[in-house]
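Take a look at the letters that make up each chain.
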Amino acid sequence: QVQLVESGGGLVQAGGSLRLSCAASRSIVSIYDMGWYRQAPGKQRELVARITSGGITNYADAVKGRFTISRDNPKNTVSLQMNSLNAEDTAVYYCAAHWVGVKDYWGQGTQVTVSS
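Residues numbered from 1 in each chain as written. Predicted model: local features only at pLDDT ≥ 70, side-chain atom pairs only at ≥ 80, totals over all residues. Heavy atoms only, no water.

A. Molecular detail of the sheet that holds strand β3 (residues 18–24). Read across the open sheet, the 4 strands follow the order β1-β3-β8-β7; overall the sheet is antiparallel. Each edge of the open sheet is held by one strand with a lone partner, namely β1 (4–7) and β7 (67–72). With strand direction ignored, the average angle separating the axes of adjacent strands in the sheet is 15°. Judged from the 6 bridges that link them, β7 and strand β8 (residues 77–82) form a sheet pairing that is antiparallel. Residue pairing across strands places Ile69 opposite Leu80, the latter belonging to β8. (Pairing = 2+ DSSP bridges. Helix = DSSP H or I, 4+ residues; strand = E, 2+ residues; numbered from the N terminus. Axes fitted to C-alpha atoms, helices over the stretch in contact; angles between N-to-C directions.)

Following this line, the structure appears as structure tokens:
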């Protein structure tokens with residue numbers, strides 16, 4: 001079993017920045033694909049950014065150029081640096097670990113609120 005714990009959410013003004021972190025309970029960050037997802041009220045959960053075990057990243061079009069996903073293998077953490085935040089970024093952000101083709105693990109989520 002894998003536990004994922006997110007931190008770093010909060011309230012920020014439009015144009016500001018936040019850095020989310022996700023800590024894994026086991027040494028999986030270097031071997032699983034890791035992702036950040038978000039779910040706004042009344043909307044489906046959507047992919048924000050993902051990094052494969054090989055280091056390939058992909059981003060949702062809405063966050064390209066503003067968000068950066070990274071991982072620290074020795075610390076078993078994955079981070080999401082979010083810059084130039086706007087009201088549309090308001091959502092609960094979830095960390096996920098993908099054991100590709102086998103199982104997905106999810107964190108409990110952290111709220112990000114951007115005031116305009």
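There is more to say, and it comes next.
B. Just the pattern of salt bridges, in detail. Under the defined criterion, the tally for this structure stands at 5 salt bridges. The partner of Lys64 in a salt bridge is Asp61, with the nearest N and O atoms 3.1 Å apart. Measuring nitrogen to oxygen at the nearest pair gives 2.8 Å for the salt bridge that ties Arg66 to Asp89. One end of the pair, Arg66, is in the loop between β6 (57–59) and β7; the other, Asp89, is in the loop between β8 and β9 (91–99), and 23 residues separate them in sequence. Three or more residues joined by partner-sharing salt bridges are found here, namely Arg38, Glu46, Arg66 and Asp89. (Salt bridge = Lys/Arg side-chain N within 4 Å of Asp/Glu carboxyl O.)

C. Quick peek at the nonpolar core. Judged by nonpolar contacts, the single largest core of 30 residues is most densely connected at Leu4, Met34, Trp36, Leu80, Met82 and Tyr93. Each residue touching Leu4, except ones within four places of it in the same chain, is listed here: Cys22, Ala23, Ala24, Ile28, Met34, Cys95, Ala96, Ala97, Tyr105, Trp106, Gly107 and Gln108. (Core = buried A, V, L, I, M, F, W, Y, C linked by side-chain atoms within 4.5 Å. Buried < 20%, exposed > 50% of the residue type's maximum accessible area, 1.4 Å probe, protein only. Contact = heavy atoms within 4.5 Å.)

D. Summary view of the state of the cysteines. Counted by the stated rule, this structure contains 1 disulfide. Two residues share a disulfide in this structure: Cys22 and Cys95, whose sulfurs sit 2.1 Å from each other. Taking the sign of the S-S torsion, about -75° here, the bridge from Cys22 to Cys95 comes out left-handed. Here Cys22 is found in strand β3, whereas its partner Cys95 is found in strand β9, with 73 residues between them in sequence. (Disulfide = S-S within 2.5 Å.)

E. Focus on the environment of Arg38. Along the chain, the position of Arg38 falls in strand β4 (residues 33–39). When its relative accessible area of 6% is taken as the criterion, Arg38 is described as buried. Sequence spacing of Arg38 and Leu80 is 42 residues, and the spatial spacing of their C-alpha atoms is 12 Å. Once you skip the residues sitting within four places of it in the chain, Arg38 turns out to touch Gln44, Arg45, Glu46, Val48, Ala62, Val63, Phe67, Glu88, Asp89, Ala91, Val92 and Tyr93. In terms of polar contacts, Arg38 uses its side chain to reach the side chain of Glu46, at 2.8 Å. In this structure the side chain of Arg38 is engaged in a polar contact, spanning 2.9 Å, whose partner is the side chain of Asp89. (Polar contact = N/O pair within 3.5 Å; in protein donor to acceptor, adjacent residues only side chain to side chain.)

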